[in-house]
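Spelled out, the chains give:
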Amino acid sequence: MIRRRPVYLDHQATTPLDPRVLEATLPWLTGNFGNASSRQHAFGWAAESAVSAAREEIAEALGAGPGEIVFTSGATESNNLAILGAARAARGRGDHVVTSAVEHRAVLDPCGQLATEGFEVTVLAPDATGRTTVEAVAGALTGRTVLVSLMAANNEVGTLNPVAEIAALCASRGVLFHTDAAQAFGKVPFDVRSGVALASFSAHKIYGPKGVGALYVRARPRVALSPLVFGGGHERGLRPGTLNVPGIVGFAAAVRLASREREAEAARLTALRDRLDQAIRGALDGVTRNGPRVDRLPGNLSLSFAGVDGERLIASLRDVAVSSGSACTTASAEPSHVLRALGVPDALAKATIRFGLGRFTTAAEVDFASAEVVGVVRRLRSEIASLSA
Ligand SMILES: Cc1ncc(COP(=O)(O)O)c(C=O)c1O
């Protein structure tokens, strides 16, 4: 069944709020409006106990302790706090950080900021599928390296990195390892006991509310962080500011659902993704798939279409909501930095569609989307052919 058009296939950009999350959140937006830091009355106590319960639930799902969770406004802030906070706090020990060319801007830009502060930043080139190998990381570490930041799952092409192996290498060399797990958590197995020191999460990627996320900060061995903002001492002084109680309660509800449904949902999405892939590549020549074939995010598919104008391709797909790359780069005419790093030529990178399937995507929607894409690509190609004839 197609519930509405455009059909939403951009779940790497964001996900709709699950109605069950909304239900859990609503009381905290209405009657239960207390400030979780108000210690002197029942409104505050109720809010505080809801935040504590949410913290415990999220920590447990991650294999962490509740004291290791810092609530933030989302993965962008978590990445900034992890990267700037850890590197600045470790400045006495070294001045080198390592990341990769396919990271989200919320990792690359804080690394760029560190460069302006005198840090040396090594940006590793991933392999052709977008994966950064443990050997590549090993080759980049020096005696001055304090931090490695590599994403768990790529938001454009769905590649999974070998997080546990990289974490083990970093631990053996006394280097902190941060992973941006915004896309991985809730979709593929993820547990901080893989040995990461810091990990970033976002609720709106897992059918929770926007504007809330978390940073896992390992307690033992302790990870020192310099805070980015200063204020009332909330979140152990690492992230002061009145807590977003409804957001945090909603985040926990989203985590609960994701933990419960992840395995079955991954199998369902993989099948739907393959159905979309086969329908499009079965009908059209000159389509390349970006990212790895296996070891990838279940609902993600990135396809590049030779012989069509990229901007016209996306603009012509009025009834299918997709993007050419990450939501933050689609506004610019520049091709995606991720596809560039994978060696995709610029013209082809611009003619790339990132499909992101999600919890409410149906087979009918996938069939509708594939028919639309095939129709549009055929039309654009025949226009070009008639122009050059
Ligand atoms: C890999 C990755 N990191 C970070 C972010 C930013 O997350 P948020 O929107 O919660 O700031 C996103 C989403 O855009 C993402 O896909």
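Please refer to the structure placed before this passage.
Residues numbered from 1 in each chain as written. Predicted model: local features only at pLDDT ≥ 70, side-chain atom pairs only at ≥ 80, totals over all residues. Heavy atoms only, no water.

**Q** Honestly, the sheet that holds strand 6 (residues 176–180) in this entry has me stumped. Any pointers?
**A** The strands that make up a sheet are held in pairs by hydrogen bonds between backbone atoms, and each pair lies either parallel or antiparallel. The seven strands are arranged 2-8-7-6-5-3-4 in an open sheet whose pairing can be described as mixed. Of all strands in the sheet, those bounded by a partner on one side alone are strand 2 (69–72) and strand 4 (120–124). Across this sheet, the average inter-strand angle for adjacent strands is 20°, counted without regard to direction. Pairing between strand 7 (residues 198–202) and strand 8 (residues 213–217): five bridges, direction antiparallel. Within strand 8, the residue paired with Leu198 across the bridge is Val217. Against the sheet, helix 3 (residues 75–89) contacts strand 2, strand 3 (96–100), strand 5 (145–149), strand 6, strand 7 and strand 8, and its axis sits at roughly 165° relative to strand 7. (Pairing = 2+ DSSP bridges. Helix = DSSP H or I, 4+ residues; strand = E, 2+ residues; numbered from the N terminus. Axes fitted to C-alpha atoms, helices over the stretch in contact; angles between N-to-C directions. Contact = heavy atoms within 4.5 Å.)

**Q** What's the story with the packing of aromatic side chains in this structure? I'm lost.
**A** Each aromatic ring pair is specified by the distance between its two centres and by the angle formed by the two planes. Per the stated rule, a full pass over the model turns up four aromatic pairs. Here the aromatic rings of Phe185 and Phe201 are separated by 5.1 Å at their centres, their planes lie at 65°, and the arrangement is edge-to-face. Taken as a pair, Phe185 in the loop between strand 6 and strand 7 and Phe201 in strand 7 lie far apart in primary sequence, 16 residues in all. Here the two residues Phe185 and Phe201 agree in accessibility, since each one is buried. Ring centres of Phe190 and Phe201 lie 5.7 Å apart, and the angle between their planes is 75°; this geometry places the pair in the edge-to-face category. Highlighted residues: Phe190 in the loop between strand 6 and strand 7 and Phe201 in strand 7, separated in sequence by 11 residues. Like Phe190, the residue Phe201 is buried in the burial classification. Through a chain of ring-to-ring contacts, the aromatic side chains of Phe185, Phe190 and Phe201 assemble into a single cluster. Geometry around Phe119 places Arg91 over its ring, the cationic atom sitting 4.3 Å from the centre. (Phe/Tyr/Trp six-rings, centres within 6.5 Å; stacked < 30°, edge-to-face > 60°. Buried < 20%, exposed > 50% of the residue type's maximum accessible area, 1.4 Å probe, protein only. Lys NZ or Arg CZ within 6 Å of the ring centre and 35° of its normal.)

**Q** What is the right way to look at empty space enclosed by the protein in this model?
**A** Using a probe with the size of a water molecule, rolled over the atoms, empty space left in the structure can be pinpointed. Under the definition given, this model contains one cavity of 30 Å³ or more. A volume near 200 Å³ is recorded for the largest cavity. If you go around the largest cavity, you meet 18 residues; those closest to its centre are Gly186, Lys187, Tyr207, Glu265 and Leu269. For the lining of the largest cavity, the per-class residue count stands at eight nonpolar, five polar and five charged. (1 Å grid on protein atoms, 1.4 Å probe; cavity = no way out; pocket = protein on both sides within 12 Å on 5 of 7 lines; lining within 4 Å. Points joined across faces, edges and corners; volume = space filled by probe spheres on them. Nonpolar A, V, L, I, M, F, W, Y, C, P; charged D, E, K, R; others polar.)

**Q** What am I meant to see in the sheet that holds strand 12 (residues 352–356) here?
**A** Taken in spatial order, the three strands line up as 9-10-12 in an open sheet, and their pairing is antiparallel. Each having just a single partner strand, strand 9 (287–290) and strand 12 make up the two edges of the open sheet. On average, adjacent strands in this sheet sit at an angle of 25° to one another, irrespective of strand direction. As paired elements, strand 9 and strand 10 (residues 300–305) share four bridges and run antiparallel to each other. When the bridges of strand 10 are listed, Asn290 appears paired with Ser302. Sheet strands touched by helix 7 (residues 245–283): strand 9, strand 10 and strand 12. Its angle to strand 10, the strand with the most contacts, is close to 15°.

**Q** Before we go on, may I ask you to explain the site of the ligand in this structure?
**A** Lining the immediate surroundings of the ligand are 13 residues, of which Thr76, Asp180, Gln183, Ser202 and Lys205 lie closest. Between the ligand and Gln183, the relevant distance is 2.7 Å, taken from an oxygen atom to a side-chain nitrogen or oxygen of the residue. For the ligand, the accessible surface in isolation is 390 Å², of which the surrounding protein chains cover 86%. Here the shell around the ligand takes three residues from helix 3, the largest share from any one element. For the shell around the ligand, the per-class residue count stands at three nonpolar, eight polar and two charged. (Near = heavy atom within 4 Å. Polar contact = N/O pair within 3.5 Å; in protein donor to acceptor, adjacent residues only side chain to side chain. Areas by Shrake-Rupley, 256 points an atom, 1.4 Å probe, with all protein chains shown as cover.)

**Q** When you look at unusual backbone geometry in this model, what are you seeing that I'm missing?
**A** Note: most residues except glycine have negative phi, and most peptide bonds are trans. Put simply, Arg5 and Pro6 share a cis peptide bond, and its omega is -5°. Its location among the elements puts Pro6 in the segment before strand 1 (7–8). With omega at -10°, the peptide bond leading from Arg220 into Pro221 counts as cis. Take Pro221: it is sitting in the loop between strand 8 and helix 7.

**Q** Sorry, what's going on with the nonpolar core here?
**A** The nonpolar side chains of a soluble globular protein tend to be buried, and buried together. Among the nonpolar cores identified, the biggest contains 56 residues, and Leu62, Phe71, Val148, Phe177, Phe190, Phe201 and Phe251 are the most heavily contacted of them. Put simply, the parts of the chain that give this core at least two residues each are helix 2 (42–62), strand 2, helix 5 (134–140), helix 6 (163–172), strand 7, strand 8 and helix 7. Ranked by the residues each element gives to this core, the list is headed by helix 7, at nine residues. Other than its neighbours up to four places away in sequence, Phe190 contacts Ala61, Leu62, Ala152, Thr179, Ala181, Phe185, Ala199 and Phe201. Formed by 28 residues, the second largest nonpolar core is a distinct cluster that contains Leu9, Leu284, Leu301 and Phe368. (Core = buried A, V, L, I, M, F, W, Y, C linked by side-chain atoms within 4.5 Å.)

**Q** Before we go on, may I ask you to explain the pattern of salt bridges in this structure?
**A** Throughout the structure, instances matching the rule amount to 22 salt bridges. A salt bridge links Arg354 to Asp10, with the nearest nitrogen and oxygen atoms 3.2 Å apart. Residue Arg354 is found in strand 12, and its partner Asp10 is found in the loop between strand 1 and helix 1 (19–25); the two are separated by 344 residues along the sequence. Residue Arg354 is classed as buried on the basis of its relative accessible area, which comes to 2%. (Salt bridge = Lys/Arg side-chain N within 4 Å of Asp/Glu carboxyl O.)

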